[in-house]
Amino acid sequence: MKRKFLLILTIFFVAVNNFNCVYANDINNEINIYVSPDGNDLNTGLQDNPVKTIQAAQNIVRKYNNDMKSDIIVNIMPGTYNLDKMLEFTTADSGSNGHNVIYRGKDLPVISGGRKVLNFKKSEKYPNLIEAELPDVDDVEEFYVDGDKKYVAKSERLFTPSNYKDSNSEYASDGLYVSKDYVQRFNNLEDVEFIWNRCWVKTLVHPVDIIEDETNRNRMIVKFNNPKWNSIYVTGNSSYATSTVSCFVQNALELLDKPGEFYFDKNIKKLYYMPQQGESIENSVFTIPELDTAMFIMGSSVDDKVHNIVFDGIKFTQFTIDTEFTDFASTGQGPTYRNNWNGRTIENNFGTIYVNRASDIQFLNNHFTGLGQAAINIKDAVSNCKI
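Residues numbered from 1 in each chain as written. Predicted model: local features only at pLDDT ≥ 70, side-chain atom pairs only at ≥ 80, totals over all residues. Heavy atoms only, no water.

**Observations concerning the pairing of strand E24 (residues 315-319)**
Moving on, step 1. Among the five residues of E24, four are classified as buried, and the element is accordingly described as predominantly covered.
Moving on, step 2. The sheet contact formed by strand E6 (residues 110-112) and E24 spans three bridges and is parallel. Its bridge partner being in E24, Ile111 is matched across the sheet by Phe316.
Moving on, step 3. In the sheet, E24 pairs with strand E29 (residues 367-371) via four bridges, with the strands oriented parallel. Residue pairing in the sheet places Lys315 in a bridge with His367 of E29. (Buried < 20%, exposed > 50% of the residue type's maximum accessible area, 1.4 Å probe, protein only. Helix = DSSP H or I, 4+ residues; strand = E, 2+ residues; numbered from the N terminus. Pairing = 2+ DSSP bridges.)

**Some details on the nonpolar core**
Moving on, step 1. Counting 37 residues, the largest nonpolar core has Tyr103, Met295, Ile297, Phe311 and Phe363 as the members making the most contacts within it.
Moving on, step 2. When neighbours within four sequence positions are excluded, Ile297 is seen to be in contact with Phe89, Val306, Phe311, Ile353, Tyr354, Val355, Asn356 and Phe363.
Moving on, step 3. Counting residues in each nonpolar core, the second largest holds 30 residues, with Ile232, Ala241, Val245 and Leu255 among its members. (Core = buried A, V, L, I, M, F, W, Y, C linked by side-chain atoms within 4.5 Å. Contact = heavy atoms within 4.5 Å.)

**Considering the pattern of salt bridges**
Moving on, step 1. Counting across every chain of the model gives twelve salt bridges.
Moving on, step 2. In this structure, the salt-bridge partner of Asp312 is Arg104, at a minimum N-O distance of 3.7 Å. One end of the pair, Asp312, is in strand E23 (residues 306-312); the other, Arg104, is in strand E5 (residues 101-105), with 208 residues separating them in the sequence.
Moving on, step 3. Residue classification places Asp312 among the buried positions, given a relative accessible area of 14%.
Moving on, step 4. Residues Glu279 and Lys150 are paired through a salt bridge, measuring 3.0 Å at the closest nitrogen-oxygen approach. On the criterion of sequence distance, the pair formed by Glu279 in the loop between strand E20 (270-273) and strand E21 (286-289) and Lys150 in strand E11 (residues 148-152) is long-range, its members being 129 residues apart.
Moving on, step 5. Accessibility expressed as a relative area gives 6% for Lys150, which makes it buried.
Moving on, step 6. Here the residues in one salt-bridge network are Arg115, Asp136 and Glu290, joined through shared partners. (Salt bridge = Lys/Arg side-chain N within 4 Å of Asp/Glu carboxyl O.)

**Some remarks on the confidence of the model for the protein**
Moving on, step 1. Residues at a pLDDT of 70 or more form 83% of the protein, whose mean pLDDT is 86.
Moving on, step 2. In the predicted structure, residues 2-21 sits below a pLDDT of 50 and forms two contacts with residues beyond four places in sequence or in another chain.
Moving on, step 3. Taken together, the stretch residues 337-348 has pLDDT below 50 and engages in 47 contacts with residues farther than four places along the chain or on a different chain. (pLDDT = per-residue confidence, 0-100.)

**A few points about empty space enclosed by the protein**
Moving on, step 1. In the structure shown here, the tally under the stated rule is one cavity of 30 Å³ or more.
Moving on, step 2. In this model, the largest cavity occupies a volume close to 40 Å³.
Moving on, step 3. Surrounding the largest cavity, Ile54, Ile76, Leu87, Phe89, Tyr103, Ile111, Met295, Phe311, Ile314 and Phe316 form its lining.
Moving on, step 4. A class-by-class count of the residues in the lining of the largest cavity yields ten nonpolar, no polar and no charged. (1 Å grid on protein atoms, 1.4 Å probe; cavity = no way out; pocket = protein on both sides within 12 Å on 5 of 7 lines; lining within 4 Å. Points joined across faces, edges and corners; volume = space filled by probe spheres on them. Nonpolar A, V, L, I, M, F, W, Y, C, P; charged D, E, K, R; others polar.)

**Observations regarding the packing of aromatic side chains**
Moving on, step 1. All chains considered together, the criterion is met by 18 aromatic pairs.
Moving on, step 2. Taking 5.7 Å as the distance between ring centres and 90° as the angle between the ring planes, the aromatic pair formed by Tyr126 and Tyr272 counts as edge-to-face. With Tyr126 in the loop between strand E8 (121-122) and strand E9 (130-133) and Tyr272 in strand E20, the pair connects residues that are 146 residues apart, well separated along the chain.
Moving on, step 3. For Tyr126, a relative accessible area of 26% corresponds to the partly exposed category.
Moving on, step 4. Among the aromatic residues, those joined into a ring-pair cluster are Phe159, Tyr182, Phe194, Trp196, Phe224 and Trp229.
Moving on, step 5. Sitting above the plane of the Phe248 ring, Lys154 keeps its charged end 5.1 Å from the centroid.
Moving on, step 6. Residue placement shows Arg219 over the ring face of Tyr177; its charged tip is 3.6 Å from the ring centre. (Phe/Tyr/Trp six-rings, centres within 6.5 Å; stacked < 30°, edge-to-face > 60°. Lys NZ or Arg CZ within 6 Å of the ring centre and 35° of its normal.)

Laid out in structure tokens, this is it:
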């Protein structure tokens with residue numbers, strides 16, 4: 001009986017020892033964890049038993065990274081990893097003892113913020129268009145077909161407007177005169193955007209009304225909300241909206257007249273698209289980005305930074321940006337946005353990858369494509385990082 005007990009005890013200790021070493025590489029003692037689109041998050045993360053998500057790999061890392069003797073390698077196998085929420089890296093994900101936690105892609109795996117649209121059909125009302133109902137979607141800012149970016153329906157050409165001032169107005173400007181060749185009455189006026197691109201600044205303004213000019217049958221009057229419009233048009237920075245610089249109008253179904261353009265009607269939650277040659281409902285892959293942030297990397301304080309994490313050989317694609325605004329908004333340099341653009345804070349700033357309170361974070365051999373904003377935003381209290 002005593003021998004049987006000792007034998008069982010020996011087997012137990014061997015099993016425990018093996019469990020603690022299953023991730024180790026015999027050559028350099030690195031710990032290797034494997035992620036695959038065909039994996040399962042209930043798996044161990046071994047090469048022949050991979051987990052399915054990067055979040056699951058993070059959970060395994062956190063069991064081994066407090067007192068590291070070598071690097072920990074998270075091997076991200078080929079394929080596409082669609083995120084339903086952003087990846088968050090905190091101090092709990094850091095390397096230790098000078099070693100790194102390395103998220104390494106094999107054959108450029110894809111991390112995507114998009115979702116496939118599977119219910120397109122031929123539009124009965126608009127023969128040149130296809131349409132898809134998206135009842136759980138609030139807005140569509142970007143749209144992809146077979147991986148290629150498509151564009152919001154817009155006016156065919158740039159146009160130069162002239163200043164409109166109401167005779168009874170206290171303001172120097174109340175809107176613009178625009179030729180009927182470019183502007184008409186739009187059904188969903190709340191969606192329409194007038195765009196000026198000047199230097200690195202993009203200015204977007206919502207009209208509040210579009211009416212016919214009774215004094216000139218060839219043009220329309222586009223009214224904007226004051227006092228905001230007057231402040232940017234008259235007293236604002238010269239890189240803002242003006243009647244002396246060409247602009248264009250976008251985001252209306254009435255402007256959807258060119259293959260490769262799309263429009264999302266927020267009122268009825270329907271996406272319209274005019275296919276290009278070679279695209280079809282049966283054979284093409286339609287994708288809308290749903291996330292604006294892929295990774296949020298931030299320590300708890302300037303004295304407790306997230307550190308020693310490497311991202312190597314990964315493709316980030318199909319991430320959007322939340323561009324909801326009232327009246328007017330404008331971009332600045334890089335990931336900066338001004339005025340009424342959804343206010344972000346230090347805890348939630350712009351960038352497909354956002355880094356704050358961090359050190360020794362490396363981005364190596366990565367690809368960024370199809371993004372609605374800056375790829376990497378290195379914010380505050382960041383040191384010794386490498387891109």
